[in-house]
Amino acid sequence: MRSPAAALPTHRSQPDAKGFFGRFGGSFIPPELQRQMDEINHAYLRICRSHDFIRELRSIRTHFQGRPTPVYYCKNLSDAVDGGRIYLKREDLNHTGAHKLNHCMGEALLAKFLGKKKLIAETGAGQHGVALATAGAYFGIPVEIHMGAVDIAKEHPNVVRMKILGARVVPVTFGAQTLKEAVDSAFEAYLADPVNSIYCIGSVVGPHPFPLMVREFQRVVGIESREQFLEMTGELPDNVVACVGGGSNAMGIFSAFLDDPVRLHAVEPLGRGARLGDHAASLGHGEEGIMHGFNSIMLKDSEGRPAPVYSVASGLDYPSVGPEHAHLFSQGRTVAGAASDEEAIEAFFRLSRREGIIPALESAHAVAYALRLAKERVDESILVNLSGRGDKDIDFVMEKYAAHAERGDY
Ligand SMILES: *Cc1c(COP(=O)(O)O)cnc(C)c1O
């Protein structure tokens, strides 16, 4: 006889021992790197369960990061839509203004327990670099951030932040001099000294165990949200919405609702439109394939290589998604939605004007989608993970979308 618990459908998706979520995930890397990943995996599985690790991480979250972040009911915005009720999980109020610090503090704490002397990572727009530089400063562990020379020129404020925080920014000057080359350069630096250094990845992507580890460090967002929403409303939300680049903020909040009757919406950037190269909607438009060491759903060019991608939100322009997202989506447990540049900009101003909250352009994609959903599902509640604040985007928005700021009809 089966116990009642076993009879319930469950989507709690632990990867298997080799890091597979169903068909997706795994580890497709050179043997040399595999040995290092196995070591990180064993150390992580041992240390993350220890009392000392858990206690220190909890203390950091409370006293340094300012957690728990609130759940907030957007009454003005909901009234304006005259439909579903929109709530925000305020990760923009997490220290440094985004969810990324959740996993960077976890990764750096793991590094401390392992006695590592250096944190190494790549960064594209610089957000992950800044979060890791913050963690490095906290723990007193040197940080080395590899960044394409093209991105260094484009993302000046984040480069300055990293330097103020004491990180060494290594310019990558080969190839296209952007994110992909930065990944190659960072892995090379890591492999040159894997005993003393540790690689800190920026999302739920890469070879096993990173998708598992980063999700576990982001899980706090979901645990808090579920409790806070229940306490606030007496119910679970009907819908949970999050933007997806690699998918860490989305996995963080989704993880707490997988076994609940809650619709989970993964919102991808539709950029300028549905033509290949104009967007980064990997789940919605991609196909199965291997890149950056893991099997997932990805956007490919005509020769099967990672396709060029684009979004107004630099944190979302990644040609794949974390393997757990590919799994949950292929199982029908999540819905893939999208928002265009234009919709995200509109939502950016609407949230700013109606609620006094300036969202990151990444998060504005989730808000845009929630606004659409609220019109369709007028009796339902919608919890949006507001992954970050928009301070980093204000100059760009005012330069590129000045006419929007003049409008008074949000
Ligand atoms: C980096 C970033 C994202 C995208 O990363 P995920 O791993 O998909 O969460 C989303 N929002 C903000 C504010 C970011 O900085």
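J.: Got a minute to help me understand the site of the ligand in this structure?
T.: Within the structure, the ligand sits among 17 residues, and Lys100, Ser203, Gly247, Ser248 and Ser387 are positioned closest to it. Between the ligand and the protein, one listed contact pairs an oxygen atom with a side-chain N or O atom of Ser203 at 2.6 Å. Measuring from an oxygen atom of the ligand, one finds a side-chain N or O atom of Asn249 at 2.8 Å. Within the complex, 97% of the 380 Å² of free accessible area of the ligand lies under protein. When residues are assigned to domains, the shell around the ligand turns out to be shared by domain 1 (21-51 + 100-210) and domain 2 (65-98 + 218-405), each giving three or more.

J.: What is the right way to look at unusual backbone geometry in this model?
T.: A negative phi angle characterises most non-glycine residues, just as the trans form characterises most peptide bonds. With an omega dihedral of 0 degrees, the bond running from Arg67 to Pro68 counts as a cis peptide bond. Positionally, Pro68 belongs in the loop between α3 (51-65) and β3 (71-73). The omega angle of the peptide bond from His208 to Pro209 is 10 degrees, so this bond is cis rather than trans. Note that Pro209 resides in the loop between β8 (197-199) and α10 (210-218). A positive phi angle is found at Thr96, which is not glycine, with a value near 75 degrees. Within the secondary structure, Thr96 is located in the loop between β4 (85-90) and α5 (100-113).

J.: I'm lost on the packing of α3 against helix α6 (residues 127-139) in this one. Help?
T.: Axes are the key here: two packed helices are described by the angle between their axes and the distance separating the axes. Closest axis-to-axis distance for the α3/α6 pair is 14 Å, and the angle between their directions is 110 degrees. Taken together, the axes of α3 and α6 are roughly perpendicular relative to one another. Residue-level inspection shows Glu56, Ile60 and Phe64 of α3 in contact with α6, the latter providing Thr134, Tyr138 and Phe139. Partitioned by chemical class, the residues of the contact of α3 with α6 number four nonpolar, one polar and one charged.

J.: How should I be thinking about the sheet that holds strand β7 (residues 168-172) in this particular structure?
T.: Each strand in a sheet pairs with its neighbour through backbone hydrogen bonds, running either in the same direction (parallel) or in the opposite one (antiparallel). On the basis of which strands lie adjacent, the open sheet formed by four strands has the order β7-β6-β5-β8 and parallel pairing. Strands at the two margins of the open sheet, each flanked by one partner only, are β7 and β8. Strand-to-strand twist of the sheet, defined as the mean angle between neighbouring strand axes without regard to direction, takes the value 25 degrees. Here five bridges tie strand β6 (residues 143-148) to β7, and the two strands are oriented parallel to one another. Paired with Ile145 across the bridge in β7 is Val169. Contacts between α6 and the sheet are confined to β5 (118-123) and β6, with β5 contributing the most and set at about 165 degrees to the helix.

About the criteria used
Within each chain, residues carry numbers counting from 1 in the order of the written sequence. Confidence filtering applies because this is a predicted model: local features only for residues at pLDDT of at least 70, side-chain atom pairs given and counted only at 80 or more, and all residues used for totals across whole chains, interfaces and linings. Water and hydrogen atoms were dropped before computing side-chain values, which therefore reflect all heavy atoms in the structure. Definition of nearness: a residue and a molecule or strand are near each other if at least one heavy atom of the residue lies within 4 Å of the molecule or strand. Counted as a polar contact is a pair of N or O atoms within 3.5 Å, where, for protein atoms, one must be capable of donating a hydrogen and the other of accepting one, and residues adjacent in sequence contribute only when both atoms are in side chains. Accessible surface is estimated by sampling points in the Shrake-Rupley manner with a 1.4 Å probe; for residues, cover comes only from the protein chains shown. Each domain's extent was defined by an automatic or database domain assignment. Note on conventions: DSSP H or I runs of at least 4 residues are helices, E runs of at least 2 residues are strands, and numbering of each starts at the N terminus. Whenever a helix is involved, its axis is fitted only over the stretch in contact; in every case the axis is a line through C-alpha atoms, and angles between N-to-C directions fall within 0 to 180 degrees. We call two directions roughly parallel when the angle between them is under 35 degrees, roughly antiparallel when it is over 145, roughly perpendicular when it lies between 65 and 115, and oblique otherwise. Between two residues, a contact is recorded if the distance between any of their heavy atoms is within 4.5 Å. Nonpolar residues are Ala, Val, Leu, Ile, Met, Phe, Trp, Tyr, Cys and Pro. Charged residues are Asp, Glu, Lys and Arg, and all others, Gly as well, are polar. A pair of strands is considered paired only if DSSP assigns at least 2 bridges between the two.

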